[in-house]
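Residue strings, one per chain:
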Amino acid sequence: AKLRMETRAEIKRLHQSLGKTMIYVTHDQIEAMTLATRIAVMNAGRIEQLGTPEEVYRRPASLFVAGFVGSPGMNLIPGRVLGGAFHPAGDAGPLPLPPGCTVAEGRDLIFGIRPENLSLATSDTPGAVGAMIEVVELTGPEQLVHLRMGPHRLLASLPPTSRLTAGTVCHISIDPTAAVFFDATTGLNIG
């Protein structure tokens, strides 16, 4: 692992010093994100998305890209828009829509949100939803918290100082400005 990190840094230094276009092919999305100025994410021989690492990470063009790029991956929740909020399928509380969102009422969607865009909240925080803590993993710089919200499993990346215990209920707040919506039928980002 240390050698791979050093090799990535050396390739990046070479690219910067030569100032030349380079093509690097990898199945390792961490290598792609750290080395690239532009990424082409391919699926079954065709390009799913072409963009900067930030564009591909923040606004994936499809469910395939959303599931492939990011470690841990994007949380994906099926549901529909009703009454100005996103209602996850099953028994889970409504989630706020991003400001200025123009998604059609009643449309079936997949709501995507990155683990770092979930945060701890209190029960009276506007838009907060209750979730059961299933597993807490301390990685050093973060805690990966496996949550169950109704029938849906979510992963949150939280500060390592958060005091959480498996088997207890917490409240989480989801940053609606970081939400991504995908068409439930086509799997494409609807913008």
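Worth saying up front: this structure is predicted, and the values here are computed from it rather than measured.

Draft legend 1. Geometry of a nonpolar patch on the surface. A surface patch of nonpolar side chains, about 310 Å² in accessible area, is lined by M42, I47 and L50. Locating I47 in the fold gives a position in strand β2 (residues 46-51).

Draft legend 2. Inspection of the pattern of salt bridges at higher detail. Evaluated as defined, the whole model comprises nine salt bridges. Between E116 and R58 there is a salt bridge, and its shortest N-O distance comes to 3.6 Å. Highlighted residues: E116 in the loop between β6 (108-113) and β7 (118-121) and R58 in helix α3 (residues 53-58), separated in sequence by 58 residues. On the basis of relative accessible area, R58 is assigned to the partly exposed category, the value being 40%. A salt bridge links E134 to R148; the shortest N-O distance between them is 3.0 Å. Of this pair, E134 sits in strand β8 (residues 129-138) while R148 sits in strand β9 (residues 143-149); the two residues are 14 residues apart in sequence, bridging distant segments of the chain. The class for E134 is partly exposed, based on a relative accessible area of 28%. Of the residues examined, R148 reaches a relative accessible area of 26% and is grouped as partly exposed. Residues joined in a network through salt bridges with shared partners are R4, D28 and E31.

Draft legend 3. View of the packing of aromatic side chains. Under the defined criterion, the tally for this structure stands at four aromatic pairs. Judged by centre distance (5.1 Å) and plane angle (25°), the ring pair of F86 and F111 falls under stacked. In this pair, F86 is assigned in strand β4 (residues 85-88) and F111 in strand β6, connecting sequence segments 25 residues apart. F111 matches F86 in its accessibility class, with the two residues each being buried. Connected via pairs of aromatic rings, a cluster forms that spans F86, F111 and F181.

Draft legend 4. Structural context of the sheet that holds strand β5 (residues 95-96). Overall, antiparallel pairing links the five strands, which are arranged β5-β4-β3-β6-β12 in an open sheet. Every other strand in the sheet has two partners, leaving β5 and β12 (180-183) as the edge strands with one partner each.

Draft legend 5. Fine view of the pairing of β12. Side chains of β12 alternate between two faces, with V180 and F182 and F181 and D183 buried alike. Bridging between β6 and β12 involves four bridges; their strand directions are antiparallel. Its bridge partner being in β12, G112 is matched across the sheet by V180.

Draft legend 6. Expanded view of the sheet that holds β8. With antiparallel pairing, five strands are arranged side by side in an open sheet as β7-β11-β8-β9-β10. Two strands in the sheet have a free side with no partner beyond their single neighbour: β7 and β10 (152-158). Pairwise comparison of adjacent strand axes, ignoring direction, gives a mean angle of 50° for this sheet. As judged from the six bridges shared by β8 and β9, these two strands associate in the antiparallel manner. From the neighbouring strand, M132 faces β9, where its bridge partner is R148.

The rules behind these values
- Residues numbered from 1 in each chain as written.
- Predicted model: local features only at pLDDT ≥ 70, side-chain atom pairs only at ≥ 80, totals over all residues.
- Heavy atoms only, no water.
- Patch = residues over 30% accessible without salt bridge, like charges linked within 9 Å, V, L, I, M, F, W, Y side chains within 5 Å.
- Areas by Shrake-Rupley, 256 points an atom, 1.4 Å probe, with all protein chains shown as cover.
- Salt bridge = Lys/Arg side-chain N within 4 Å of Asp/Glu carboxyl O.
- Helix = DSSP H or I, 4+ residues; strand = E, 2+ residues; numbered from the N terminus.
- Buried < 20%, exposed > 50% of the residue type's maximum accessible area, 1.4 Å probe, protein only.
- Phe/Tyr/Trp six-rings, centres within 6.5 Å; stacked < 30°, edge-to-face > 60°.
- Pairing = 2+ DSSP bridges.
- Axes fitted to C-alpha atoms, helices over the stretch in contact; angles between N-to-C directions.

Limitation: the analysis is restricted to geometry and does not speak to function.
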